[in-house]
Amino acid sequence: MTTTPITLAAEPRTALGHKNRALRRGGFTPLHVYGHGEPSLALQCATPDAAHVLAFTRATAPLTLQVAGGDDLFVMVREVQRHPVTDELVHIDFIRISRTERVRAHVPVRLEGEAPGARAAGATLVQDLHEVEVEALPLEIPSDFTVDVSGLESSADAVHVSDLAAPARVTILTDPGALIVRIVQQRPEALEEAEAEPEPAEAEAAAEAAPEEESAEA
């Protein structure tokens, strides 16, 4: 399914290095665009606009940067830097892409439903893989893969990458045999150990014996 990329207005940036702090205080976020054999660009955009795009656009979605006084740029988000305390935007890196060239991206795997096998004593549902790598045209990258776990009834059941249904022109690159989700059953002896209560008398006796041995050696 082809989607229409969202747009983000940007403009050339003259503030570099330490001057970016003043830029951020003025309500703008520094941007960096690179890749596809073109010179890198230092841009900026209004921070509320950038925050809106990041909040309501999936990580694998392409964007169009509308640069004032320049050409539109077709890009994907490569890295988002945030302040470790305030979580405010610090910097965004974009990579140029082409609408007609296949790109690689990591697509999240989401679980839905309830696994009957996870309700058994000592059993739990374990998700081993949270994303898979795909190759596709930028506008055809899936937003996610959904896995229904309602068919997992015992520890013999599992879902592998090979079980995922990819759109026609999307290639999954992750190992087909890789586990996505499974039911894990603890061994009976492990359950018994976890449920067993400690013997307080034995623990106290060991604690009292330790000082006496040390004093005897001294």
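Cut-offs applied
- Note on numbering: residues in each chain are counted from 1, in written sequence order.
- Only residues with pLDDT of at least 70 are given local features in this predicted model, and only at 80 or more are side-chain atom pairs given and counted; all residues enter the totals for whole chains, interfaces and linings.
- Computation of side-chain values: all heavy atoms of the structure, hydrogens and water removed.
- Aromatic contacts are taken between Phe, Tyr and Trp rings whose centres are within 6.5 Å, Trp giving its six-membered ring; a plane angle under 30 degrees counts as stacked, one over 60 as edge-to-face, and the others as tilted.
- Note on geometry: a ring has a charge over it if NZ (lysine) or CZ (arginine) is within 6 Å of the ring centre and within 35 degrees of the ring normal.
- By the convention used here, strands pair only if DSSP detects at least 2 bridges between them.
- Per the convention used, a helix needs a DSSP run of H or I reaching at least four residues, while a strand needs a run of E reaching at least two, with both numbered from the N terminus.
- A fitted line through C-alpha atoms serves as each axis, taken over the contacting stretch for helices, and the angle formed by two N-to-C directions is quoted from 0 to 180°.
- Take a side-chain nitrogen of Lys or Arg and a carboxyl oxygen of Asp or Glu: if they are within 4 Å of each other, that pair is a salt bridge.
- Burial classes: relative accessible area under 20% of the type maximum marks a residue as buried, over 50% as exposed, and values in between as partly exposed (1.4 Å probe, protein chains only).

Chemist: I tried to follow the packing of aromatic side chains on my own but got confused; where do I start?
Modeler: The relation between two aromatic rings is expressed through the spacing of the ring centres and the mutual angle of the planes. Tallied over the entire structure, the rule returns 0 aromatic pairs. In this arrangement the basic side chain of Arg 99 is found over the ring face of Phe 74, its NZ or CZ atom lying 4.0 Å from the centre.

Chemist: Quick question: what am I supposed to make of the sheet that holds strand β3 (residues 38-46) here?
Modeler: Two pairing modes exist for strands in a sheet, parallel and antiparallel, and in both the strands are linked by backbone hydrogen bonds. Read once around its circumference, the closed barrel built from 6 strands follows the order β1-β3-β2-β6-β5-β4, with strand pairing classed as mixed. Averaged over all neighbouring strand pairs, the angle between strand axes comes to 45°, with direction disregarded. Pairing of strand β4 (residues 63-67) with strand β5 (residues 72-82), which is carried by 4 bridges, proceeds in the antiparallel orientation. Paired with Gln 66 across the two strands is Asp 72, which belongs to β5.

Chemist: How should I be thinking about the pairing of strand β2 (residues 28-35) in this particular structure?
Modeler: Regular strands place their side chains on alternate faces of the sheet. Note that β2 and β3 share 7 bridges and pair antiparallel. Of the residues in β3, the one forming a bridge with Gly 35 is Glu 38. Where β2 folds back onto β3 in an antiparallel hairpin, the turn is made up of 2 residues, including His 36, whose phi is positive at roughly 60°. Note: β2 against strand β6 (residues 89-96), 4 bridges, orientation parallel. Looking across to β6, one finds that Leu 31 is bridged to Ile 92.

Chemist: Could you clarify how one ought to interpret the pattern of salt bridges in this entry?
Modeler: When the charged atoms of two side chains with opposite charge come close together, those side chains can pair. Overall, the coordinates contain 7 salt bridges when judged by the stated rule. Between Arg 104 and Glu 133 there is a salt bridge; the shortest N-O distance is 4.0 Å. Highlighted residues: Arg 104 in strand β7 (residues 103-112) and Glu 133 in strand β9 (residues 131-136), separated in sequence by 29 residues. Among the residues examined, Arg 104 registers a relative accessible area of 55% and is labelled exposed. The partly exposed category is assigned to Glu 133, whose relative accessible area is 22%. The salt bridge partner of Arg 104 is Glu 135, with a shortest N-O separation of 3.8 Å. You can see Arg 104 sitting in strand β7 and its partner Glu 135 sitting in strand β9, a full 31 residues away along the chain.

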